[in-house]
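Descriptive analysis of the structure
If you want the building blocks of each chain, they are given just below.
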Amino acid sequence: CPSKTLKAVQRWILRSILERVPAHASAMAYYPGATPKKNAMRHARNYHMLAYDLKDFFPSIGRGRVFTIFRALGYSDHVCHLLSSLCTLDDRLPQGAPTSPMISNIVCRKMDSRLARLAGLRSVAYTRYSDDITFTAKTSRQIHRVQALSKQIVAEEGFALNSHKTRVVGRGHSLSVTGLAVLGDGQVRITREYRRRIRAAVFRSVMEDDRRKVRQINTQIRGFEAHWTSIEKNARAVTSRWRGVFKRKKSKIRATTTASASSAP
């Protein structure tokens, strides 16, 4: 992790230089207002998906590429060397540096442009959320037509794919984009798995008698609800309904236990 002084310098570089450079319209992360939901909405009403994960995303961006960014912005070689050294560690883009996310978006502008053009010519939706690349379309044929060439473009732009994370999803299966379920009717929701996790947490909160544990669980639930509410407006109403159901269930269990204890000889 960068020192406090270095982080302060990096924040200055971010605000004064990098944030003034626009990312490609298909880049859906690391700018004000960017959210997983906005990324997922770009793929609503599609039924087929091709998803890639870029391998070692930040570390794969070397100091030379960072130098090139600043050189393209008109800085002298001396200043470019200074700026690129301040933004890299061991000649690589580091995790945790304030400048790394925006630099990655700028480095990917050409790749995003090429992939977006490839997708657009075939009526396919394309976005990149950090290291997650997503193509969606109405038909499997459209997805098939971008698969081989998109891999070639990624390689030509100096990136590698995590082959074991590549997903091809067809009609009849749920599409998950940046952790959200994309529905054919144009809606974006939390996934069933995430919903089950929240329901289980609410159940534990109601059934637990240890007040300290209940507080810990409720803190976790508030975090879940905050994310869920950013996706679906009725999130808190749903968790409140679950809580009511579980409280009634708990009361019945206690009443049954009390009655059994009273009737015991």
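None of the values given here were measured: they were computed from a predicted structure.

Let's talk about the layout of surface pockets
Of the voids in this model, the largest pocket is the one considered here, and its volume is about 210 Å³. Elements that contribute at least two residues to the lining of the largest pocket include exactly β5 (175–177), β7 (188–190) and α8 (192–207). The residue inventory of the lining of the largest pocket, partitioned by class, reads four nonpolar, three polar and four charged. Space inside the second largest pocket adds up to approximately 180 Å³. Surrounding the second largest pocket, Val-21, Arg-65, Thr-68, Ile-69, Ala-72, Leu-73, Ile-106, Val-107, Arg-109 and Lys-110 form its lining. Those elements that place two or more of their residues in the lining of the second largest pocket are α3 (63–72), α5 (100–107) and α6 (109–120). Of all the elements, α3 adds the most residues to the lining of the second largest pocket, at four residues. When grouped by side-chain class, the residues that make up the lining of the second largest pocket number six nonpolar, one polar and three charged.

Things to note about the packing of α3 against helix α4 (residues 77–87)
Interaxial distance between α3 and α4 falls to 8 Å at its minimum, and their mutual angle equals 130°. It follows that α3 is oblique to α4 by the angle criterion. The handedness of the crossing between α3 and α4 is right-handed. Here Arg-63, Val-66, Phe-67, Phe-70 and Arg-71 of α3 lie close against α4, whose contacting residues are Asp-77, Cys-80, His-81, Leu-83, Ser-84, Ser-85 and Cys-87. A breakdown of the residues in the contact of α3 with α4 according to their chemical character gives six nonpolar, three polar and three charged.

Looking at the state of the cysteines
Scanning the model with the defined rule gives zero disulfides in all. Between Cys-87, a cysteine without a disulfide, and Cys-80, which holds the nearest cysteine sulfur, the sulfur-to-sulfur distance is 11 Å. On the basis of relative accessibility, which here comes to 0%, the residue Cys-87 falls in the buried class. Cys-87 provides the cysteine sulfur closest to Cys-108, a residue in no disulfide bond, and the two sulfurs are 16 Å apart.

A few points about a positive patch on the surface
On the surface, a cluster of positive charge is contributed by Arg-195, Arg-199, Arg-241 and Lys-249. One can find Arg-195 in helix α8. Among the residues examined, Arg-195 registers a relative accessible area of 33% and is labelled partly exposed.

As for the sheet that holds strand β6 (residues 180–182)
On the basis of which strands lie adjacent, the open sheet formed by three strands has the order β5-β6-β7 and antiparallel pairing. In this open sheet, the two strands that pair with only one neighbour each are β5 and β7. Direction aside, neighbouring strands of the sheet carry axes that sit 40° apart on average. Against the sheet, helix α9 (residues 211–231) makes contact with β6 and β7, and its axis sits at roughly 165° relative to β7, the strand it touches most.

Quick notes on α5
Among the eight residues of α5, eight are classified as buried, and the element is accordingly described as predominantly covered. Along α5, the residues that are buried comprise Ser-100, Pro-101, Met-102, Ile-103, Ser-104, Asn-105, Ile-106 and Val-107.

Description of the nonpolar core
The biggest cluster of nonpolar side chains holds 38 residues, and the ones touching the most others in it are Leu-18, Phe-70, Met-111, Ile-133, Phe-135 and Phe-159. At the level of elements, α1 (4–16), β1 (48–53), α3, α4, α5, α6, β3 (132–137) and α7 (140–156) are the ones that each hand at least two residues to this core. The residues contacting Ile-133, other than those within four sequence positions of it, are Leu-50, Ala-51, Tyr-52, Leu-54, Met-111, Leu-115, Tyr-126, Thr-127, Arg-128 and Val-154. Counting residues in each nonpolar core, the second largest holds 25 residues, with Ala-51, Ile-198, Ala-201 and Val-206 among its members.

Criteria and cut-off values
Residues numbered from 1 in each chain as written. Predicted model: local features only at pLDDT ≥ 70, side-chain atom pairs only at ≥ 80, totals over all residues. Heavy atoms only, no water. 1 Å grid on protein atoms, 1.4 Å probe; cavity = no way out; pocket = protein on both sides within 12 Å on 5 of 7 lines; lining within 4 Å. Points joined across faces, edges and corners; volume = space filled by probe spheres on them. Helix = DSSP H or I, 4+ residues; strand = E, 2+ residues; numbered from the N terminus. Nonpolar A, V, L, I, M, F, W, Y, C, P; charged D, E, K, R; others polar. Axes fitted to C-alpha atoms, helices over the stretch in contact; angles between N-to-C directions. Parallel < 35°, antiparallel > 145°, perpendicular 65-115°, else oblique. Left-handed = near helix turned anticlockwise from the far one by under 90°. Contact = heavy atoms within 4.5 Å. Disulfide = S-S within 2.5 Å. Buried < 20%, exposed > 50% of the residue type's maximum accessible area, 1.4 Å probe, protein only. Patch = residues over 30% accessible without salt bridge, like charges linked within 9 Å, V, L, I, M, F, W, Y side chains within 5 Å. Areas by Shrake-Rupley, 256 points an atom, 1.4 Å probe, with all protein chains shown as cover. Salt bridge = Lys/Arg side-chain N within 4 Å of Asp/Glu carboxyl O. Lys, Arg positive; Asp, Glu negative; His and termini not counted. Charge placed at Lys NZ, Arg CZ, Asp CG, Glu CD. Pairing = 2+ DSSP bridges. Core = buried A, V, L, I, M, F, W, Y, C linked by side-chain atoms within 4.5 Å.

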